[in-house]
Amino acid sequence: MEFKVIDGGVCAAKGFKASGMYCGIKENSTKKNDIALVVSDVMCNTAGVYTQNKVKGAPVIVTKSNLEKTGGKAKAVIANSKNANTCNADGEEKAMEMCRLTANALGIETEQVVVASTGIIGQILPVEPIKNAVPELVKKLSYTGNEEAAVAIMTTDTVKKEYAVEFEIDGKICRMGGMAKGSGMIHPNMATTLNFITTDCGVSSDMLQKALSGIVKVTYNCLSIDGDQSTNDTCMLMSNGLAGNAEITAEGEAFDTFKAALYQVMANLTRMLAKDGEGATKLLTCICSSAPDLDTAIIVAKSVIRSPLFKCAMFGADANWGRVLCAIGYAEADFDISKVDVDFASAAGKIAVCRNGAGVDFSEDEAKKILTEDEIEILISLNDGTAQATAWGCDLTYDYVKINGDYRS
């Protein structure tokens, strides 16, 4: 399905306000926003997916606990950049304090606030700047505050990531929008980085979780920038029901429409994250088709997109298709490598480089022209079924090393 793309990010849906500002969590001359707040006019059914790294940021632990206490309900999100609040002895205390400060300022219960942090791991999170900022954040809340919030959660990102759509259920106009951040330490097994999605479509907590978990599998979980899974990955989906549709409580046409809208929002945010990978010059999209099942297609596409050698080849516009076959070959799935076809494609054209698991003659000059573009597709056919999956990533460049060589400074 295709939906009408609209402006507004996390404020696109009815009843959601947001704000962002600089509070000085980490002193810098740019004074870029480093703390964000998103609030619904009414209580929301809320679902989440989180990092599966054994090292979990304190905000992840506190958010999961709060949602368990409320039975999947939340009204506000407080999020900061510059400090991940991870691997700190007082981390959970600080994360809970962020919730308490926000709740007190809004006049709601502490457990109705979810919290997220991103930035440097292992450094104590200063609470005083946050304490000073929360009243101003609440004062600045606006139905058009989405951009201030989207900027506030950025770390090494070079651009903000927002996307929103409009759709119809039960004759009611519904809206859904999200914001995301992330450029490095991205190889999720949950969602990826920090992602917040809001909707005024009425959906029960259970069905929200079902939709989110399903769409995560074919969007955020199919993204790899550098093979490192973050400790703070969080994706929240909040529904306040203000569109007025009958609440979706079971499978059916309405739920299918909702999932399709969620896929469009999450897939486009995933693509934005991949394109803005640390030091990236090229967006890489790997499409694995004619697979025996969805899981096989996902595994193969992700295996290629996360390969450091392949990513380096794409940076150099080198049509080294052998690296694609190598990555396909160590993918943990069952298929016949002798049936595999591979093409490279971009706005400059399309070229076959492998058929039936073996190389074919092709023009190196034409391939170079295709791979010099800033958006490249790697098309893989397993020729063994009808399933298809897409994975997103970027090239691996000199600048990636430079960025991560002095990340803490």
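Everything that follows concerns the structure shown earlier in this document.
Residues numbered from 1 in each chain as written. Predicted model: local features only at pLDDT ≥ 70, side-chain atom pairs only at ≥ 80, totals over all residues. Heavy atoms only, no water.

1. Some words on the sheet that holds strand 11 (residues 283-291)
Then step 1. Read across the sheet, seven strands follow the order 9-16-11-15-12-13-14 without closing on themselves; strand pairing throughout is mixed. The two strands at the open ends of the sheet, each matched to only one other strand, are strand 9 (223-224) and strand 14 (358-359).
Then step 2. Running at roughly 125° to strand 11, helix 8 (residues 308-315) makes contact with strand 9, strand 11, strand 12 (341-346), strand 15 (375-381) and strand 16 (387-394) of the sheet.
Then step 3. Docked against the sheet, helix 9 (residues 321-329) engages strand 12, strand 13 (349-355), strand 14 and strand 15, running at close to 125° with respect to strand 12. (Pairing = 2+ DSSP bridges. Helix = DSSP H or I, 4+ residues; strand = E, 2+ residues; numbered from the N terminus. Contact = heavy atoms within 4.5 Å. Axes fitted to C-alpha atoms, helices over the stretch in contact; angles between N-to-C directions.)

2. Description of helix 9
Then step 1. When helix 9 is considered as a whole, its buried residues turn out to be Val324, Leu325, Ala327 and Ile328. Down the axis of helix 9, the sector holding all buried residues measures 160°, keeping them to one side.
Then step 2. In the core, the buried residues of helix 9 are packed alongside helix 7 (294-305), helix 8, strand 12, strand 13 and strand 15. (Buried < 20%, exposed > 50% of the residue type's maximum accessible area, 1.4 Å probe, protein only. Arc of directions from axis to C-beta.)

3. Topic: unusual backbone geometry
Phi is mostly negative for residues that are not glycine, and the peptide bonds are mostly trans.
Then step 1. Notably, Asn85 is not glycine yet its phi reads approximately 50°, a positive angle.
Then step 2. Relative to the elements of secondary structure, Asn85 occurs in the loop between strand 4 (73-80) and helix 2 (91-106).
Then step 3. Unusually for a residue other than glycine, Ala317 sits at a positive phi of about 55°.
Then step 4. Looking at the secondary structure, you find Ala317 in the loop between helix 8 and helix 9.

4. A closer look at the pattern of salt bridges
Then step 1. Per the counting criterion, the structure on display carries twelve salt bridges.
Then step 2. Taking the shortest distance from any N to any O, the salt bridge between Asp276 and Lys161 comes out at 2.5 Å. Taken as a pair, Asp276 in the loop between helix 6 (253-275) and strand 11 and Lys161 in strand 6 (residues 161-169) lie far apart in primary sequence, 115 residues in all. Here Asp276 matches Lys161 in class, with each residue buried.
Then step 3. Across the pair Asp343 and Arg355 runs a salt bridge, and its minimum N-O distance is 2.8 Å. In this pair, Asp343 sits in strand 12 while Arg355 sits in strand 13, placing the two residues twelve residues apart along the sequence.
Then step 4. Counted as one network, the salt bridges with shared partners bring together Arg271, Lys275 and Glu375. (Salt bridge = Lys/Arg side-chain N within 4 Å of Asp/Glu carboxyl O.)

Honestly, it's all geometry; don't read function into it.
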